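Chain residues, written in single-letter form:
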Amino acid sequence: MPVTRRSATPATAGEVFTLIRDGVATTRAAVRDMTGLSRTAVGARVSALARRGLVSEGEEGPSTGGRPPALLRFNAEAGVVLSAAIGRSRTRLAVCNLAGDIHALTDMDSEIRIGPDDLMPDLVKRLEVLLDETGRSAHDVLGVGVSLPGTVDQERGCSLATPVMSGWDGVPLEPYFRKLTSAPIVLDNDTNVLALSERRSALKAYDDLLLIKASTGLGAGIVAGGVLQRGALGAAGEFGHNKTAAAAGLPCRCGDTGCLEAIAGGWALVRALQDQGRQVNHIRDVVELANHGDGEVRRLLRESGRHVGEVIAAAVNLLNPAVLVVGGDMSGAYDVFVAGLRETLYGNATALATRHLQVVPSTYGDKAGNIGSAALVLDQILSADAIDVALR
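Residues numbered from 1 in each chain as written. Predicted model: local features only at pLDDT ≥ 70, side-chain atom pairs only at ≥ 80, totals over all residues. Heavy atoms only, no water.

*Asks:* How should unusual backbone geometry be read in this particular structure?
*Replies:* Leaving glycine out, the prevailing phi sign among residues is negative, and the prevailing peptide bond configuration is trans. The phi dihedral of N320 falls on the positive side, at around 50°, and the residue is not glycine. Looking at where N320 falls in the secondary structure, it is placed in the loop between α10 (295-319) and β13 (323-327). Overall, the relative accessible area of 45% leaves N320 in the partly exposed class. (Helix = DSSP H or I, 4+ residues; strand = E, 2+ residues; numbered from the N terminus. Buried < 20%, exposed > 50% of the residue type's maximum accessible area, 1.4 Å probe, protein only.)

*Asks:* Any chance you could explain the sheet that holds strand β9 (residues 185-189) here in plain terms?
*Replies:* Strand pairing in a sheet takes place through backbone hydrogen bonds and is either antiparallel or parallel in direction. The strand order across the open sheet built from five strands is β5-β4-β3-β6-β9, with neighbouring strands paired in mixed fashion. Two strands close off the open sheet at either side, each with one partner strand: β5 (102-109) and β9. Between one strand axis and the next, the sheet turns through 15° on average, direction left out of account. The pairing of strand β3 (residues 80-86) with strand β6 (residues 141-148) spans six bridges and is classified as parallel. Bridge pairing in β6 places V80 opposite V141. Sheet contacts for helix α12 (residues 368-381): β3, β4 (90-97), β5, β6 and β9; angle to β3, the most-contacted strand, approximately 135°. (Pairing = 2+ DSSP bridges. Axes fitted to C-alpha atoms, helices over the stretch in contact; angles between N-to-C directions. Contact = heavy atoms within 4.5 Å.)

*Asks:* Sorry, what's going on with the sheet that holds strand β10 (residues 209-214) here?
*Replies:* An order of β12-β11-β10-β13-β14 is seen for the five strands of this open sheet, with the pairing classed as mixed. Looking at strand neighbours, the two that pair on one side only are β12 (227-229) and β14 (358-361), the edges of this open sheet. The average undirected angle you get between the axes of adjacent strands in this sheet is 25°. Judged from the six bridges that link them, β10 and strand β11 (residues 218-224) form a sheet pairing that is antiparallel. Opposite K213, over in β11, you have G219 as the bridge partner. Packing of helix α6 (residues 190-198) onto the sheet brings it into contact with β10, β11, β12 and β13, and relative to β10 it is tilted by some 130°. Sheet contacts for helix α11 (residues 334-348): β10, β13 and β14; angle to β14, the most-contacted strand, approximately 160°.

*Asks:* Help me out: how do you make sense of the pairing of β5 in this one?
*Replies:* Each regular strand shows side chains that alternate between the opposite faces of the sheet. Where β4 meets β5, seven bridges bridge the pair, whose relative direction is antiparallel. Within the sheet, the bridge partner assigned to R92 lies in β5 and is D107. Linkage of β4 to β5, two consecutive antiparallel strands, is achieved through a turn of four residues, within which G100 is found at a positive phi near 85°.

*Asks:* Please explain the environment of V144 as it appears in this structure.
*Replies:* Along the polypeptide, V144 turns up in strand β6. Residue class for V144 comes out buried when judged on its relative accessible area of 0%. Once residues lying within four places of it in the same chain are set aside, the contact partners of V144 are L82, F177, T181, P184, I185, V186 and V377.

*Asks:* I tried to follow α10 on my own but got confused; where do I start?
*Replies:* The periodicity of an α-helix, 3.6 residues per turn, causes residues three or four positions apart to be oriented the same way. For α10, which comprises 25 residues, the first-to-last C-alpha distance of 35 Å matches the rise-based estimate of 36 Å (1.5 Å per residue) to within 8%. I312 marks the point of greatest bend in α10, at about 30°. Taken as a whole, α10 has its buried residues at V297, L300, L301, S304, G305, H307, V308, G309, V311, I312, A313 and V316. Buried residues in α10 make contact with β10, β11, α7 (261-264), α8 (266-275), α9 (283-291) and α11. (Expected span 1.5 Å × (residues − 1). Bend = angle between axes of the 7 residues up to and from the residue.)

Set out below in structure tokens:
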């Protein structure tokens, strides 16, 4: 059946591309049925997409009584996007195809207080090396997706407010990439891109999803009605700085006191263990100890989960998500952390809001940041409007 269209204007090549990319239309006849376009118009649009390398037409599909139709396929190898998930002490870089699949991946460890002028030039050089290792060049790069902790100003392409990355606020990141590529640079918050990664997984079936990142800091990515919610200033999901009675009087790295992070954030757990004389420097060290059976560390992680569950229960009541995804470094000790989270989440959220709620680990684990950052830029450069502009 033809797709109901909001406009009386004929479907554009970009809209035809979207049908093919999503696997909704796999033959020219299917495109005609869904758009109402004539045979000639479909041919012109498919040919334009094929000339750009975005669509291929090859294998024969099943016959319905005549000559078998040629199948239309999205060519995910028509270019690449670069993905940079920047963290406080570790940055993960990737080269991805146009389907968002990772072709190459590498990590960069850095000093905790490193600034953009020191990190970004090295980051760009590492991306150049990674491109070369995949047999690609800067000419193949169609976009770059970047994620950062804290609130991000997408319009200016910079961090807006983050206590984690000292010296990054207000510094546009696009100029650093210009020695490598003139392609679009798209920037977002780290928890938002984690939520976007789940929109590529089996969890895409859920239009209402809440993702929490439990790592050095605490944050959330919110998908409501199938749309990622960023808020008026891009600050949606910063639940780590909600006040909680358990942290009353405790100083937070944001400069305030009584924040959830001050008692449940990864940095707070590291500090608590260091005060005990333990040799830990990052929440990843804490998770490793927990997975080796350290009783005290497991207790701290479970207690962190309890505090997070108590605060996040309000968000579950407010948003009524179908699924709660747990990502970030603490998810490396998922069973321990989530055991605590479940206790207080189900004890404080309403029975109705949690009746069918699923609590699950991040689909892509420690690759989620790069998959989400790639999805971030792909959603922009492969939109119907962007394709139409490119074809002009």
